[in-house]
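Structural features, examined
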Amino acid sequence: MLPPASESISARLAIGLAIGAPRDNPASLIAKISAWTNLISSPPILSSATLMEISSILQGGYHHPLARQWQAQRQLDKSMLMYPIFITDDPEAEVVIPSLPGQKRWGVQKLDGFLGPLIQKGLKSVILFGVPLNCQKNERGSPADDPEGPVIQAIKILRKLFPDLYIAADVCLCEYTSHGHCGVLHEDGTINTPPSVERIAEVAVNYAKAGAHCVAPSDMMDGRIRAIKLGLMEAGLGNRCTLMSYSAKFASSLYGPFRDAAGSAPSFGNRKCYQLPPAGRGLARRAIIRDVAEGADIIMVKPALPYLDIIASASELAPNHPLACYQVSGEYAMIVAGAKAGVYDLKTMAFESADSMLRAGATLILTYFTPQFLEWLDEEK
């Protein structure tokens, strides 16, 4: 609370007397005291502007649209967007995914027509997820790195079609194993870590050999980042392939549409013993620190919106690394559903969600909104 005007003036009087006394003669000093006394007894009426502290005035800094943009530490641009796409083993496929609005499974022969227009609009990077529908799955996920499989074929075709497109490949076994889990299992159905890590690293290296600019292990097996990094180095690819780790991937309820799209739901049990528990902030921090030490080039948090605190923690724990977050299928579908129900405007909400991720510290966003953002960002210019 501000002091009364009279108190403020009294303070000034005391200061004035203290400063002026040695310099004034008695008659001059008496005249000044008389004037100040009259001022105190009849203080001026102070405006609300005078009473408000200077530090209270913030709105002048964001009264204009351009000034509002300057308030952001970073702003969304096209280079920050990575588009997740589903590649199936039917070369001519173009199959709508009902639970993931606006998204499809694509065959490799359809990629030119699908991605070409997006690249013209400024698409810089994609991440590939294989959806094998016609292969023979087994306990080791052997089809994952089949040279004739969807991911390796898509990498090679995209490298030829779009030389400047940055191609990341998700690395996991769940789409390719007969049991739908992300690693090799013991007889009792629990994860057998050493052969799981070995197999994941093998797949990652084969994707890199096929031409992927980035391999992104999403399996959450302990120690797989070190194994992949060593594998890339041994293959002479350590300095030619980025290793993006799903470091803090949580056992979330928001993966449902993705599992529909990729056919990757486990045939029994769940993934809670290797994906992080939603309340496990400390575990996430430890996983981030571990993956940085094991050689990750990019750190990722997944999902994004419910885990903004983890994104913020990651930006503090790995300040020298790019920080990705995955706006997962359930987040995307939820925002689309809310807009269809009239709860909010789709574009406005999509930007608000992305801005929250950037504000938390993300520098790269994997999002199904990428095609819309490419257009919306042009409209914002």
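In this report, the structure presented in the accompanying data block is examined. (Residues numbered from 1 in each chain as written. Predicted model: local features only at pLDDT ≥ 70, side-chain atom pairs only at ≥ 80, totals over all residues. Heavy atoms only, no water.)

This part takes up the nonpolar core. Counting residues in each nonpolar core, the largest one holds 102 residues, and the members touching the most others are Leu-115, Tyr-207, Val-215 and Met-244. Ignoring any residue separated from it by four or fewer positions in sequence, one finds Val-215 in contact with Ala-169, Val-171, Ala-204, Tyr-207, Ala-208, Ile-228, Leu-232, Cys-241, Thr-242, Leu-243 and Met-244. In terms of nonpolar packing, the next biggest core, distinct from the first, is built from six residues, Cys-174, Cys-182, Val-197 and Tyr-274 among them. (Core = buried A, V, L, I, M, F, W, Y, C linked by side-chain atoms within 4.5 Å. Buried < 20%, exposed > 50% of the residue type's maximum accessible area, 1.4 Å probe, protein only. Contact = heavy atoms within 4.5 Å.)

On to unusual backbone geometry, then. Omega for the peptide link from Lys-302 to Pro-303 comes to -10 degrees, which places this bond in the cis form. Looking at where Pro-303 falls in the secondary structure, it is placed in the loop between strand 8 (298-302) and helix 11 (308-317). Phi is positive for Met-220, which is not a glycine, with a value near 70 degrees. You can see Met-220 is positioned in the loop between strand 6 (214-217) and helix 8 (224-234). Among the residues examined, Met-220 registers a relative accessible area of 5% and is labelled buried. (Helix = DSSP H or I, 4+ residues; strand = E, 2+ residues; numbered from the N terminus.)

This part takes up the environment of Asp-112. Locating Asp-112 in the fold gives a position in helix 5 (residues 111-120). Relative accessible area serves as the criterion here: at 40%, Asp-112 is assigned to the partly exposed category. Distance from Asp-112 to Leu-161, taken between C-alpha atoms, is 7.0 Å for residues 49 residues apart in sequence.

If you walk through the whole model with that rule in mind, you get 13 salt bridges. Residue Glu-94 pairs with Lys-104 through a salt bridge whose shortest N-O separation is 2.7 Å. Taken together, the positions of Glu-94 in strand 2 (residues 94-96) and Lys-104 in strand 3 (residues 104-106) put the pair 10 residues apart, joining distant regions of the chain. Using a relative accessible area of 38% as the deciding quantity, one classes Glu-94 as partly exposed. Its relative accessible area of 26% is what places Lys-104 among the partly exposed residues. Among the ionic pairs, Arg-199 bridges to Glu-202, the shortest N-O distance being 2.9 Å. Separated by three residues within a single helix, Arg-199 and Glu-202 lie in helix 7 (residues 193-210), roughly one turn from each other. Classification of Arg-199 by relative accessible area gives buried; the value is 3%. Taking relative accessible area as the criterion, Glu-202 reaches 38% and is therefore assigned partly exposed. (Salt bridge = Lys/Arg side-chain N within 4 Å of Asp/Glu carboxyl O.)

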